Amino acid sequence: MTMVASRLAKRLLHYGLHSYGQYYQLVKNGQHPHEFQLMINILTTNETYFFREPKHFEYVQEHLLKKWRGDNFRLWSAASSTGEESYSLAMLLTKNLGMKKWEIFASDINTEVLDVARRGVYLMNRLENMEQDYLDKYCLKGVRSQDGYFRVDEKVRNRVQFDQVNLKSQLPKNLGLFDVIFLRNVLIYFDKETKLDIVRRVISVLKPGGHFFISHAETLHGLTVDLRMIKPSIYQKL
Ligand SMILES: C[S@@+](CC[C@H](N)C(=O)[O-])C[C@H]1O[C@@H](n2cnc3c(N)ncnc32)[C@H](O)[C@@H]1O
């Protein structure tokens, strides 16, 4: 929170403003068109890590990938932040589907995190949950000036397409349908009405029978949506 406050304070200083109210007016009046995106980038919370909530990855592997007989497995990581979730999934799919046809679409509203995600370079100390096997097979350890960092291997990176999508607005027309959607640790930031709106919009591009994952810290309780709960945080579209 202090970081957000100090980053916003810098914007106030930049424009010589005296209050957050004045800054809000400046963003709203549209005279500085890039400021809106900058404000979004400052205000969003982007915490994430590799193989966060490992039970979800186990479920995808055991119940979906091992039984997969379809022709193109399509997965959407719908609040991808800096890419750790999307690349964890890409490693899992590489391991289990190999050369079969599959693709991952990953999106976020924040353009800064999307830039980080596309680069695919991370600090070695962000690896708590990653199995050594994944690190050995799908990551390249940095040397010399890159010491302490690793990069997700190109063959995994190339399988993930990152793009900006605001979940509160109409979805891009050309998304197609997905077999699996991850929408984790983002609903917590919205009120019930917005949550319902977002979940309905997102699952409109989930195939019937497709799987939908939210965080264990979140709930769809009280929302009327076309999903049946398989276990807490894992749903299937009716
Ligand atoms: C805490 S991160 C979650 C990252 C990852 N899904 C995970 O569980 O580790 C939440 C992400 O949601 C994004 N976000 C917030 N509001 C959004 C919106 N309206 N549309 C798309 N993404 C949004 C933020 O930019 C942030 O990167």
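Small disclaimer: the values here were computed from a predicted structure and weren't measured.

## A short note on the overall build of the chain
Stage number 1. Each helix and strand counted, the chain has 9 helices and 10 strands in total.
Stage number 2. In summary, the chain has a C-alpha radius of gyration of 19 Å against a globular reference of 18 Å for 238 residues, a match within 12%.
Stage number 3. With the principal axes as the frame, the chain shows a C-alpha extent of 60 × 55 × 30 Å.
Stage number 4. Out of the 238 residues in the chain, the part that is buried amounts to 30%.
Stage number 5. Excluding contacts between residues fewer than 6 apart, the proportion of contacts in the chain whose partners are at least 24 apart in sequence is 72%.

## Examining the pairing of strand β1 (residues 73-77)
Stage number 1. Among the 5 residues of β1, 4 are classified as buried, and the element is accordingly described as predominantly covered.
Stage number 2. Across 5 bridges, the pairing between β1 and strand β2 (residues 102-108) is parallel. Looking at β2, one finds that R74 is bridged to E103.
Stage number 3. In this fold, the crossover linking β1 to β2 by way of helix α5 (residues 84-97) has right-handed handedness.
Stage number 4. As paired elements, β1 and strand β7 (residues 178-182) share 3 bridges and run parallel to each other.

## Focus on unusual backbone geometry
Stage number 1. A positive phi angle, near 50 degrees, is found at F51, a position not held by glycine.
Stage number 2. Structurally, F51 is set in the loop between α3 (33-43) and α4 (54-65).
Stage number 3. For F51, a count of 21 C-beta atoms within 10 Å puts it in the buried group.

## Describing the pairing of β7
Stage number 1. Summarising burial for β7: 4 of the 5 residues are buried, a large majority.
Stage number 2. Two elements, β7 and strand β8 (residues 206-213), share 4 bridges in a ladder whose sense is parallel. Directly across from F178, in β8, lies its bridge partner L206.
Stage number 3. In this fold, the crossover linking β7 to β8 by way of helix α9 (residues 192-203) has right-handed handedness.

## Considerations on the environment of S145
Stage number 1. Of note, S145 is situated in the loop between β4 (139-141) and β5 (149-152).
Stage number 2. Each C-alpha atom, one on S145 and one on V27, is 39 Å from the other, the two residues being 118 residues apart in sequence.

## Focus on the site of the ligand
Stage number 1. Taken together, 22 residues form the shell around the ligand, and within it T44, T48, A79, S81 and N185 come nearest.
Stage number 2. Partitioning the shell around the ligand into residue classes produces 7 nonpolar, 9 polar and 6 charged.

## Brief notes about the sheet that holds β2
In sheet architecture, strand pairing relies on hydrogen bonds along the backbone and comes in two forms, parallel and antiparallel.
Stage number 1. Read from one edge of the open sheet, 7 strands run β6-β2-β1-β7-β8-β10-β9, paired in mixed fashion. The strands lining the two open edges of the sheet, one partner per strand, are β6 (160-164) and β9 (227-231). Strand-to-strand twist in this sheet, taken as the mean axis angle between neighbours without regard to direction, amounts to 20 degrees.
Stage number 2. As paired elements, β8 and strand β10 (residues 234-237) share 3 bridges and run antiparallel to each other. The residue bridging F212 from the neighbouring strand is Y235, located in β10.
Stage number 3. This element, helix α6 (residues 111-119), spans β2 and β6 of the sheet and lies at about 165 degrees to β6.

## A few points about α9
Stage number 1. For α9, built from 12 residues, the straight-helix expectation of 16 Å at 1.5 Å per residue is met to within 8% by its first-to-last C-alpha distance of 16 Å.
Stage number 2. What α9 keeps buried is the set K195, I198, V199, V202 and I203. Projected onto a plane normal to the axis of α9, the buried residues spread over an arc of 115 degrees and lie on a single side.
Stage number 3. Packed against the buried residues of α9 are β7, β8, β9 and β10.

## Here we look at the domain arrangement of the chain
Stage number 1. What the domain assignment reports for the chain is domain 1 (2-43) and domain 2 (54-237).
Stage number 2. For domain 1 and domain 2, the distance between their C-alpha centres works out to 30 Å.

Conventions and cut-offs
- Residues numbered from 1 in each chain as written.
- Predicted model: local features only at pLDDT ≥ 70, side-chain atom pairs only at ≥ 80, totals over all residues.
- Helix = DSSP H or I, 4+ residues; strand = E, 2+ residues; numbered from the N terminus.
- Rg over C-alpha atoms; globule rule 2.2 N^0.38 Å.
- Buried ≥ 20, exposed ≤ 12 C-beta atoms within 10 Å, placed from the backbone.
- Contact = placed C-beta atoms within 7 Å.
- Pairing = 2+ DSSP bridges.
- Right-handed = clockwise from strand over helix to strand, strands pointing away.
- Near = placed C-beta within 6 Å.
- Nonpolar A, V, L, I, M, F, W, Y, C, P; charged D, E, K, R; others polar.
- Axes fitted to C-alpha atoms, helices over the stretch in contact; angles between N-to-C directions.
- Expected span 1.5 Å × (residues − 1).
- Arc of directions from axis to C-beta.
- Domains from an automatic or database assignment.

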